[in-house]
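What follows is each chain in one-letter form.
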Amino acid sequence: MKNKKRAAGIFVCALLLLCLGGCGPLQKEEEQPQALEIVQDKEEWEANETVLKYNQIFQRDNVAFLFQHEEPQEGFSDEEMGAVAICKVIAQTPNYDFDQGVPQQQFDAVTMELFGKTLKNYNNTKVLQLENGNILSTGWGGIGCTYVLKELTPLEEGRTRAVCYRVLTPYFEEEGVDREAYQKNIYSGSLEGYNPALVEIIFTEAAPANGEAQLIYHAANVLENSPQPPYSVYSGE
């Protein structure tokens with residue numbers, strides 16, 4: 001049993017370190033796309049800073065796990081919140097013990113930061129609770145995604161709605177995809193051939209922590225699986 005838990009933990013650790021965004025097959029470190037690594041020819045093209053900002057945050061927070069439901073809804077399941085939270089716990093915990101996990105109090109603090117609430121069920125497909133109360137991952141994988149901001153709309157109660165094109169990150173070397181061309185294409189709205197999905201993410205901007213922007217997530221839904229061109233990328237206007 002211990003070996004199984006350790007293997008599962010290592011798998012999740014690999015997911016966290018190698019799969020930004022929680023939405024694509026595990027990739028070798030040298031193949032991992034860098035959200036802020038933009039082509040250097042600034043005279044020809046430059047990515048919008050706000051577009052890059054939210055892509056980086058959504059990848060960092062593994063928001064792809066928040067789209068596991070089929071119908072649009074407000075809020076998230078315990079599985080969705082648990083997956084996102086345990087990824088952040090692992091990232092924040094030096095020498096994380098994959099056999100023992102972390103105390104429930106520590107795990108709850110992370111779900112409060114991300115969602116403003118705690119889980120009702122700590123035993124589900126994404127996390128489990130040991131007899132001593134600790135929380136750990138059940139072991140799973142995902143895919144790497146890039147989020148290209150299309151619209152940013154303020155809502156009531158200080159909330160914001162981001163509409164993005166969610167694009168699966170390719171295996172650059174195996175598929176013969178040029179990294180810089182890929183980044184230039186998607187960030188400039190040339191998404192033909194990348195099969196994007198149109199998604200919405202509703203959040204509240206929280207106070208920055210350790211110099212990083214923090215979001216509290218309220219909803220995440222797939223609006224359209226295969227939107228057709230023309231595609232428009234947020235310009236700040």
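This one's a predicted model, so the numbers in the text were calculated from it and none came from an experiment. (Residues numbered from 1 in each chain as written. Predicted model: local features only at pLDDT ≥ 70, side-chain atom pairs only at ≥ 80, totals over all residues. Heavy atoms only, no water.)

Strand order in the open sheet made by the four strands is β3-β4-β5-β6, with antiparallel pairing throughout. Every other strand in the sheet has two partners, leaving β3 (145-154) and β6 (212-224) as the edge strands with one partner each. Between one strand axis and the next, the sheet turns by 30° as a mean value, whatever way the strands run. Strand direction decides the pairing type here: strand β5 (residues 197-209) and β6, joined by ten bridges, are antiparallel. The residue bridging Val199 from the neighbouring strand is Val222, located in β6. (Pairing = 2+ DSSP bridges. Helix = DSSP H or I, 4+ residues; strand = E, 2+ residues; numbered from the N terminus. Axes fitted to C-alpha atoms, helices over the stretch in contact; angles between N-to-C directions.)

Moving on, we come to unusual backbone geometry. Omega for the peptide link from Pro229 to Pro230 comes to 10°, which places this bond in the cis form. Locating Pro230 in the fold gives a position in the segment after β6. Even without a glycine there, the phi angle at Asn95 is positive, about 55°. Note on placement: Asn95 falls in the loop between α3 (78-92) and α4 (104-115). Using a relative accessible area of 77% as the deciding quantity, one classes Asn95 as exposed. (Buried < 20%, exposed > 50% of the residue type's maximum accessible area, 1.4 Å probe, protein only.)

Our next topic: the packing of aromatic side chains. One pass over the structure, following the stated rule, counts 13 aromatic pairs. Ring geometry for Phe58 against Tyr147: centres 5.9 Å apart, planes inclined by 80°, an arrangement best described as edge-to-face. Of this pair, Phe58 sits in helix α2 (residues 49-60) while Tyr147 is found in strand β3, placing the two residues 89 residues apart along the sequence. In terms of burial, Phe58 and Tyr147 fall into one category: buried. Judged by centre distance (5.4 Å) and plane angle (75°), the ring pair of Phe172 and Tyr182 falls under edge-to-face. (Phe/Tyr/Trp six-rings, centres within 6.5 Å; stacked < 30°, edge-to-face > 60°.)

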